[in-house]
Structures are given as structure tokens and as C-alpha cells.
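Single-letter residue listing:
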Amino acid sequence: MAKTGAEHLKSLQDGRVVYLNGKLVDDVTTHPAYRNAVGAAASLYDFQAHPDNIDWMTFESPTSGGRVNRCWQLTKSYEELVARRRAIEGWSRLSGGWLGRSPDHIASSMVGQVMGLPVFEKHSKERAGALMDYFQYARDNDIYMTYVIINPQADRSKSVSEHDDEFLATGVVDEDAEGITVRGAKMLGTGSIMANEVLFANIQPLRPGEEKYAISFAIPMNTKGLKVMSRRSYEESATSSFDYPLSSRYDENDALVYCDDVKVPWERVFIYKDTEAARGQFQDTYAHYMQNYQAMTRLMIKMQFQVGVARRMCETIGTIGIPSVAEKLGHMAAQAAMVEGLVYGMESGGGMFNGYYVPDRNLMYTAQVLTQQLYPEFITSMRELAGGGLIMLPSSAEDFADPDLNRYINATQKSAIGSAEEKVKFMKLAWDCIGSEFASRHTQYEMFYAGAQFVTRSHAMRTYDWDRSAELVDSILDKYSLSDTIGGDKIAAE
Ligand SMILES: Cc1cc2nc3c(=O)[nH]c(=O)nc-3n(C[C@H](O)[C@H](O)[C@H](O)COP(=O)(O)OP(=O)(O)OC[C@H]3O[C@@H](n4cnc5c(N)ncnc54)[C@H](O)[C@@H]3O)c2cc1C
């Protein structure tokens, strides 16, 4: 049997400390700020446990023998990588790609870390052993993980150790025979309210002397001293599913995470005070590539969804037959298909890494660089296609309940393809995709979840096959020379 939604919901009633609107949240599974998003997360597990889906969504854990999601699979061939991606797609489809940090994101990162175990072994055999034991535990229990790998944005002109508060970012306060004590914050943990455990790490560059921040560990969300400071909930402010179909269901939330002297046992510590290992954890293993390959697979589904919304919008307002509108839609369809092509390219262009079959990392960074620019452009295109119809809408579903208003709505909300109710229903969905606070947060997410542009572009620069390009340039340069030109034949033959 695979993990079910009910099991996941029960696991979240664990006494975790989550703050919202100045209060402590009792139970994230029932709180009006989170319950639907938590329910959406739980439904992922019900989907995988369903008899129709269990074979393609899960595989047999080599350690427990139980069925767990394929996101935990250490792929050994192209076919396994594709089968694993189909499971990622399966989950992603359930929300139209709007759950960015479904459990397969950090599981993919963990898989990538285990694929690069030698990086941890070089750091410390003991810490590498802790990582492997933890991975098996997380896989065998199909644990929902989140991660916090970026230090709080405070004053980016200063390095992490230059701030007045030594423990602005999470760092080591103390150690003893049982483990380490950590204090300080990490910038954002998406999905913290609905995850079982959180991985702490430091992906940003560290200088010599900043070893106390060069740590990585995983702890349950209910660990003593761990505080989750939730951002505003869009689910809570959504007036109804009819008015905010996405905000009310898929607001996975993001939270600043603070360690108020949290004790972490040694068996949960994977990197300890080693700046080179902290860097290598993401870039020398396959963590960064696997986690963002998952993200691109999810974005592929979201782009398919968004282009569907764009087309329906043009059908609704009767502009679909206008040549320039159709041309714009064709361009958007090509942009959506490009993401799909890049995902398939990552897979077919992949290769072996420490005995595992992995996606092509440069194509993954290519996709990131292009899509963090493409997504806001795509949203602007959708706004251009929409006009004011997205705003010319009844204030809420309640308006339909009043007989007079209902008559006026039917008289005014005309559409090229359906009833007033159908138009309002669809236009409210479209607004939640491109204009609501939820939609706006998603644009910020797609622009930043994998790092600012200067970061992803530097990765693209680092991983591109420059030798291949240099060889091509040299192959032409080698065909002629100044001495040949001056000495005789001015145009060298091929
Ligand atoms: C919705 C959302 C969800 C997120 N979820 C998570 C999560 O679950 N886990 C997690 O760990 N992180 C998460 N993040 C954080 C994310 O990883 C960071 O936002 C990202 O790495 C960029 O870091 P930053 O926000 O500190 O921006 P900064 O690094 O401060 O950059 C901001 C801007 O400043 C400029 N800039 C700064 N430094 C330079 C430089 N050296 N060179 C050139 N320009 C520069 C650029 O214009 C840049 O775009 C999330 C972010 C968002 C928006």
C-alpha cells in the first residue's frame, strides 16, 4: 500500500509552531488559511494510492519493499527517468501545475544528493552515512519535505557574517555528543505548513570564516524551537471557490523559517561547517539539476494550462478569429511547447553520472534562464488578450443569489460561447491565473524560485559546452591564414 491522503493529514497534526495574523495556528489541516491547500496536497497521495495509478505513480522501495512515489527513484536508465517524469506530470496535472512545491520537488533534490554521495563522503564518512540513512527513511515513509536554502534578504551588500546579528541566517551555536544547536532564519520555505520535514542547507557562496553557516540537516516540522512565520494566506481571503478557484485551493503558502535554538541530532546532520561541501551539495552532486528538472516538468504542465486559458479567453470574448489574435496565440503555443521540448531534450540528451541516468544539466539551466523571463512575458500576453473583461465582473458569486442582480448579470455578461454564468466562472479563473494576489505571487515564484537571473545565467554559462562552440569557430579559422592571403591565393579553397 502506498501512503494515502488521510495518512498525510494525520501526520500534519503534530504540534508544529505556525504563526499567522499574530496567532498560533492550532491545526493546519482545519485552519481556514490552509485547509484546502493541505487537502490538495493530501489528494496527491490518494491519487498515487488509487489502484488505477499505483503502478505508474509508485515503485517498490528497495529498502522497505513498500510502494512509494517514483520521485524517490534513483534512475539507472533513460526509460526509468521518463517513467519517473510521468509520475511528476501525473501529480502536477492534478493542480494544473499550480502546486510548485509538491513533495516530488525536494525528493528530487534528495535523489540528486544521493546520486552525488562521494561529495558527502569526501566531507565526512559519518555525515554521508547520515544522509543515506535519512534518504532511506524519507523514501520508505514517502515523507513530504520542504527546503530552506537561501538566507534572509536583509542587506545583500554584506556577506552572511557581516550583519550586526551573527545569527540573522541559521548558524551553529553549539555542539555536543548528541548533536548541534542552530539559531537564526532562512528566507522562505514554500509548503512549510503542509510538509512533514524541512531540509536546511546553504546554496549561496560562503567565505572562509563563515563555516558556522555551512551546514545542512533535516528536521521534522514539529521540532522544538522551529518557528514557521507564514505569509498572508490567499486561501483565507478568497471569498469562494467560484470567485477564486486557484487561490482557494492551491495556496501552498510560503513562510519565513526561524530556528530558536533548535537541537539537531548528529544522525540528521549531512554537512557540518564545510563551505566547500555546502557548495558541492547542490552543484557537484545532481541535486540542483534534479530538483529543477522536476520544476521544469511542473512548469511544462502549467504552461499547457495557461495557454488553454489564453485560448478560452479569446473564444469567450469572440476575438479568436482575428488574425493578429490567432498569431499571438500561435506564438504563445510555441512558447509553451518550447518548455515541453526542453524537458524531453533534457531526458534524451541525458547521460550517466556515478552509475545513474540523469537529465542534461545545461538544457535544464537553459530552460530556467528562458522561462524566468518567459513567464512574466506570457502573463503580459494573456493580459493583452483579455482587455477589461477580467475586471468587468460581478463582485462575488453572491450577486447571482439576488434575483434582480441575477437578471442584470444575465443581461450584461454576454459571451461569444456561453451563458453569463459560464463567462463569469471562466473569467474569474483567468483572473486568478494572471491578476489576483495568488497569480502575482506565482509570477514572482517563476521568476525567482531557482535563483535570480544573474544566478541562473551564471549556471548556464558554467555548464554550456563552450569547447564544442570553440571547435566550430576554430574549424573555420583554421581554413585560412594571413600569410596565405598575402602570399598568393586571396580566397582559400575549401
Ligand atoms: C514565491 C517564492 C517562493 C520561494 N520558495 C523558496 C523555498 O521554498 N525555499 C528556499 O530556500 N527559497 C525559496 N525562495 C527564495 C528564492 O530562492 C530566492 O528568492 C532567490 O534565490 C533569489 O534570492 P533573493 O530573493 O534573496 O534575491 P537577491 O539575491 O537579493 O536578488 C534580488 C535582485 O537584486 C539584484 N542582485 C542581487 N545581487 C546581485 C548580484 N550579485 N549581481 C547582480 N544583481 C544582483 C538582482 O536584480 C536580483 O534580481 C522563494 C522565493 C519566492 C519569490
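Structure report, in brief.

Conventions adopted
Residues numbered from 1 in each chain as written. Predicted model: local features only at pLDDT ≥ 70, side-chain atom pairs only at ≥ 80, totals over all residues. Heavy atoms only, no water. Helix = DSSP H or I, 4+ residues; strand = E, 2+ residues; numbered from the N terminus. Rg over C-alpha atoms; globule rule 2.2 N^0.38 Å. Contact = heavy atoms within 4.5 Å. Areas by Shrake-Rupley, 256 points an atom, 1.4 Å probe, with all protein chains shown as cover. Lys, Arg positive; Asp, Glu negative; His and termini not counted. Charge placed at Lys NZ, Arg CZ, Asp CG, Glu CD. Phe/Tyr/Trp six-rings, centres within 6.5 Å; stacked < 30°, edge-to-face > 60°. Buried < 20%, exposed > 50% of the residue type's maximum accessible area, 1.4 Å probe, protein only. Near = heavy atom within 4 Å. Polar contact = N/O pair within 3.5 Å; in protein donor to acceptor, adjacent residues only side chain to side chain. Nonpolar A, V, L, I, M, F, W, Y, C, P; charged D, E, K, R; others polar. Domains from an automatic or database assignment.

## Considerations on the overall build of the protein chain
Point 1. Helix and strand counts for the protein chain stand at 19 helices and 14 strands.
Point 2. In terms of overall size, the protein chain behaves like a compact globule, its C-alpha atoms giving a radius of gyration of 25 Å where 494 residues would be expected to give roughly 23 Å.
Point 3. With the C-alpha coordinates aligned to their principal axes, the bounding extent of the protein chain is approximately 80 × 80 × 50 Å.
Point 4. In the protein chain, once contacts between residues fewer than 6 apart in sequence are set aside, the share between residues at least 24 apart is 76%.
Point 5. Taken as a whole, the protein chain presents about 21400 Å² of accessible surface, with 54% of it coming from carbon and sulfur.
Point 6. Averaging the positions of the 50 positive and the 65 negative side-chain charges in the protein chain gives two centres separated by 2 Å.

## Overview of the packing of aromatic side chains
Point 1. Going through the model one piece at a time under the given rule, you end up with 16 aromatic pairs.
Point 2. When the centroid spacing of 5.9 Å and the interplanar angle of 85 degrees are considered together, the rings of Phe47 and Trp56 count as edge-to-face.
Point 3. Classification of Phe47 as partly exposed rests on a relative accessible area of 21%.
Point 4. Note on Tyr289 and Tyr365: the rings are 5.6 Å apart at their centroids and 80 degrees apart in plane angle, and the pair reads as edge-to-face. Taken together, the positions of Tyr289 in helix 11 (residues 287-316) and Tyr365 in helix 13 (residues 361-386) put the pair 76 residues apart, joining distant regions of the chain.
Point 5. For Tyr289, a relative accessible area of 1% corresponds to the buried category.

## What to know about unusual backbone geometry
Point 1. One non-glycine residue, Asp142, lies in positive phi territory at about 45 degrees.
Point 2. Inspection of the secondary structure puts Asp142 in the loop between helix 7 (125-140) and strand 5 (145-148).
Point 3. The class for Asp142 is buried, based on a relative accessible area of 2%.
Point 4. One non-glycine residue, Asn354, lies in the positive phi region at around 50 degrees.
Point 5. Along the chain, the position of Asn354 falls in the loop between strand 13 (351-353) and strand 14 (356-358).
Point 6. The exposure class assigned to Asn354 is partly exposed, which follows from its relative accessible area of 46%.

## Points about the site of the ligand
Point 1. Around the ligand, the structure places 20 residues, and the nearest of them are Arg101, Ile149, Arg156, Leu188 and Thr190.
Point 2. Within the side chain of Arg156, one N or O atom sits 2.4 Å away from an oxygen atom of the ligand.
Point 3. The separation between a nitrogen atom of the ligand and a polar main-chain atom of Leu188 is 2.8 Å.
Point 4. Summarising the interface, the protein chains cover 71% of the accessible area of the ligand, which totals 960 Å² for the free molecule.
Point 5. Elements that contribute at least two residues to the shell around the ligand include exactly strand 5 and helix 16 (437-448).
Point 6. A per-element tally of the shell around the ligand places helix 16 first, with four residues.
Point 7. In terms of residue class, the shell around the ligand is made up of eleven nonpolar, five polar and four charged.
Point 8. Both of domain 1 (5-283) and domain 2 (289-471) provide at least three residues apiece to the shell around the ligand.

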